[in-house]
Amino acid sequence: MNAPANIETTLKDWVTDQEVRWCPGCGDYAILKAVQRTLPELGCDPAKTVFISGIGCSSRFPYYMETYGFHTIHGRAPAVATGAKLANPELDIWLVTGDGDGLSIGGNHLMHVLRRNVNMQIMLFNNEIYGLTKGQYSPTSREGTRSPSTPLGSYDHPARPAAFALGSGARFVGRGFDVSKHLPDVLKAAHAHQGAAFIEIFQNCIVYNKDVFDDFAAPKGAEDRQLWLEDGKPMLFAGDTKGITLNRETLSLEVVDVTDGDWEAAGVIVHDVKNRSIAHMLVEMPFGPFPMALGVLYDDPHPTFETAVIEDRARASEGKQADLAKLLGSGQTWTVDGTAQDPQ
Ligand SMILES: Cc1ncc(C[n+]2csc(CCOP(=O)(O)OP(=O)(O)O)c2C)c(N)n1
Ligand code: SF4
Ligand SMILES: [Mg+2]
């Protein structure tokens, strides 16, 4: 984010007149609503906000936000967003990408915006499929996914977006899902973070990958399968009857039972958002034997890219007068004499 704006708006101020072209029932609608509800609460200024996306169903997002927006080219939103932030550091930038856009064609670009720590919020809508191009498997699709491009089932091991982000040097990693009532809290925490804030948002593509996240996202039994992380709070789930502990011999996480609410006796870990080692374990924690880790997994700010660039520019130009004509006329120059002929 940039400096807080404290502008008074309502949800309506963030809604465009564009016809929303997602399939009825798509999880993208819920994410859009969550963002449109959250920005007024943060006091954001639509005139200083910009949504920048790549290509995909998810990347249609900027059309639906009444802000500046840029629907760029496939996988290249990080490059455009970096340029926008350097040109105008006052802009509050939200980058929107998908699992295909951000991790296939744009994997390299995403890595660099994270490692450079350019100040923006990055929302990766993970539906584990290419939605826009009619359901081919993506880098996050599970092994064995049958799709038009993998008719016999996929062979490759899926990428984990949160692990990718942390491994690329991200200083903020959050997770949520489309219809979760906690998603706005994750968005707010990401916005409060100075630097590249990465949020993986599980999103239901009801046409090509329906309900793949139901195991943890469906309301029934959700409590047992979701671990909502809060800084300074014990890692408890299943109505506080279970928790996560660190086995000090194997140096790995384990699920423990908590009796009579005594989580300390059970050795349950207290979440520390600045602990990078635990963050690495949380992003790798396999769903199934463990609950799905959601909320703010890691948040430890670090100096941002644009601050360094701007300070450097100021130092380099100190005491100097900008003179474009002089710059253009300096160094190796030549005059075109106008005698060149067009080839016949
Ligand atoms: C250079 C280029 N290659 C391929 C495509 C085709 N293409 C468009 S969107 C897309 C995948 C989008 O998947 P994802 O980012 O997961 O978005 P979703 O539609 O699932 O939200 C592909 C391969 C393209 N538009 N441009
Ligand atoms: S294809 Fe899937 S991701 Fe795309 S709009 Fe339809 S439901 Fe949403
Ligand atoms: Mg996708």
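Parameters and conventions
- Residues numbered from 1 in each chain as written.
- Chains lettered and ligands numbered in written order.
- Predicted model: local features only at pLDDT ≥ 70, side-chain atom pairs only at ≥ 80, totals over all residues.
- Heavy atoms only, no water.
- Near = heavy atom within 4 Å.
- Polar contact = N/O pair within 3.5 Å; in protein donor to acceptor, adjacent residues only side chain to side chain.
- Areas by Shrake-Rupley, 256 points an atom, 1.4 Å probe, with all protein chains shown as cover.
- Helix = DSSP H or I, 4+ residues; strand = E, 2+ residues; numbered from the N terminus.
- Phe/Tyr/Trp six-rings, centres within 6.5 Å; stacked < 30°, edge-to-face > 60°.
- Buried < 20%, exposed > 50% of the residue type's maximum accessible area, 1.4 Å probe, protein only.
- Pairing = 2+ DSSP bridges.

1. A short note on the site of ligand 1
And then number 1: Lining the immediate environment of ligand 1, one finds 16 residues, of which Cys57, Ser58, Asp99, Asp101 and Gly131 sit closest.
And then number 2: Within the backbone of Ile129, one N or O atom sits 3.0 Å away from an oxygen atom of ligand 1.
And then number 3: In the environment of ligand 1, an oxygen atom lies 2.9 Å from a nitrogen or oxygen atom belonging to the backbone of Leu132.
And then number 4: In isolation ligand 1 offers 600 Å² of accessible surface; the protein chains occlude 72% of this area.
And then number 5: A per-element tally of the shell around ligand 1 places helix H3 (residues 99-105) first, with four residues.

2. Some remarks on the packing of aromatic side chains
And then number 1: Across all of its chains, the model carries 12 aromatic pairs by this definition.
And then number 2: With a centroid separation of 5.8 Å and 10° between ring planes, the pair formed by Phe51 and Trp94 is classed as stacked. Of this pair, Phe51 sits in strand S1 (residues 49-53) while Trp94 is found in strand S3 (residues 92-98), placing the two residues 43 residues apart along the sequence.
And then number 3: When its relative accessible area of 0% is taken as the criterion, Phe51 is described as buried.
And then number 4: Judged by relative accessible area, which is 0%, Trp94 ranks as buried.
And then number 5: Here the aromatic rings of Phe202 and Phe213 are separated by 4.9 Å at their centres, their planes lie at 50°, and the arrangement is tilted.

3. Quick notes on the pairing of strand S4 (residues 120-126)
And then number 1: For S4, the buried fraction is high: seven of the seven residues fall into the buried class.
And then number 2: Summarising the sheet, S3 and S4 pair through five bridges and their orientation is parallel. Bridge assignment links Leu95 to a residue of S4, and that residue is Ile122.
And then number 3: As paired strands, S4 and strand S6 (residues 196-202) are joined by seven bridges and run parallel to one another. Paired with Asn126 across the strands is Phe202, a residue of S6.

Purely geometric stuff here, so don't read any function into it on its own.
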